[in-house]
Amino acid sequence: MLTFAMKALRVSLLTLITLGGAAVTGRPVEAAGTTIPSLPALPAAWQAKLAGLAPKPGQVVQLMEQRPSLALVGLQQRVTIAGGSREALSAVMASVQKGDRPAYDERLNISREEFQQYLVFQPVLTPSGRSLKLPVTREGNRLKFGDVPGLRGVLRGLTLDLVTGELRTPEGFTGKPRLVTASTAPDRSIDIRGGFVWSVKGTNPATQNALDGQLQLLQLPGSQVILSYSRTSILHGRISEGDGPVILRYSR
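Residues numbered from 1 in each chain as written. Predicted model: local features only at pLDDT ≥ 70, side-chain atom pairs only at ≥ 80, totals over all residues. Heavy atoms only, no water.

Remarks on the packing of aromatic side chains
Per the counting criterion, the structure on display carries three aromatic pairs. Pairing Tyr-104 with Phe-115 gives two aromatic rings, centres 5.6 Å apart and planes at 55 degrees, and the pair type is tilted. Highlighted residues: Tyr-104 in the loop between α3 (86-98) and α4 (112-117) and Phe-115 in helix α4, separated in sequence by 11 residues. A relative accessible area of 0% means that Phe-115 is categorised as buried. (Phe/Tyr/Trp six-rings, centres within 6.5 Å; stacked < 30°, edge-to-face > 60°. Helix = DSSP H or I, 4+ residues; strand = E, 2+ residues; numbered from the N terminus. Buried < 20%, exposed > 50% of the residue type's maximum accessible area, 1.4 Å probe, protein only.)

Structure, rendered in structure tokens:
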């Protein structure tokens, strides 16, 4: 059964699937001799799969949104009828919107058991009604992301190597992919057929950069792909705006 996933970044599609395992800690690009944690071996021909999921230059994508499910609307109604605290309810809803697992609060005026019944439901991924051409260019084996209105600068400066699988961020950290397996949970919100995830964390006092970010490429039925990136970023000592998530859907 799916649960609300950990926040490896501000918001993530891990609210829709459970990957398990520890996050991959990135390393500063300029640092030497840093030990990189080992990753599970990727299957044969994984580069072809990655290339088949990655967006093409000028790829037309649809902006997606995460919205509360009917179960959360029901929670709001139940707490209101029970005379629960509006402040506590707002805190729960804010956690859900950010992809966090909300904590039980006695001020909701419902039992912990009843509260838990609502947590088996996930936020629903829905189209925003907006489409755009993704600002991504290819140089050899590398894809480099730019920015256009609607992306809020979240993807700007990311570089993905389709041969090595290395993700490089503008904060100066790198990460390698992990495999996402098909999701078969009966309460899954979207039908995940596979894909890749990059979880990158790092700090560099010399550059005053820090990052807690995650990129996901998820394969859906019918040649559909979800690309999601979210981050908590500090660049040259300044907190970056537009932490995310940016969730895009397109066809390959």
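And the narrative resumes.
A word on unusual backbone geometry
Phi at Gln-208 is positive, roughly 60 degrees, even though this residue is not glycine. Positionally, Gln-208 belongs in the loop between β10 (194-204) and β11 (209-219). At Ser-223, a position not held by glycine, the phi torsion is positive, near 65 degrees. Tracing the backbone shows Ser-223 in the loop between β11 and β12 (224-235).

Quick look at the layout of surface pockets
In this structure, the largest pocket spans a volume of roughly 210 Å³. Taken together, 13 residues line the largest pocket, and the ones lying closest to its centre are Met-64, Glu-65, Arg-152, Pro-245 and Ile-247. Counting only elements with at least two residues in the lining of the largest pocket, the list comes to β2 (60-67), β3 (124-133) and β14 (246-251). Top contributing element to the lining of the largest pocket by residue count: β2, with four residues. Looking at side-chain class alone, the lining of the largest pocket contains six nonpolar, four polar and three charged residues. (1 Å grid on protein atoms, 1.4 Å probe; cavity = no way out; pocket = protein on both sides within 12 Å on 5 of 7 lines; lining within 4 Å. Points joined across faces, edges and corners; volume = space filled by probe spheres on them. Nonpolar A, V, L, I, M, F, W, Y, C, P; charged D, E, K, R; others polar.)

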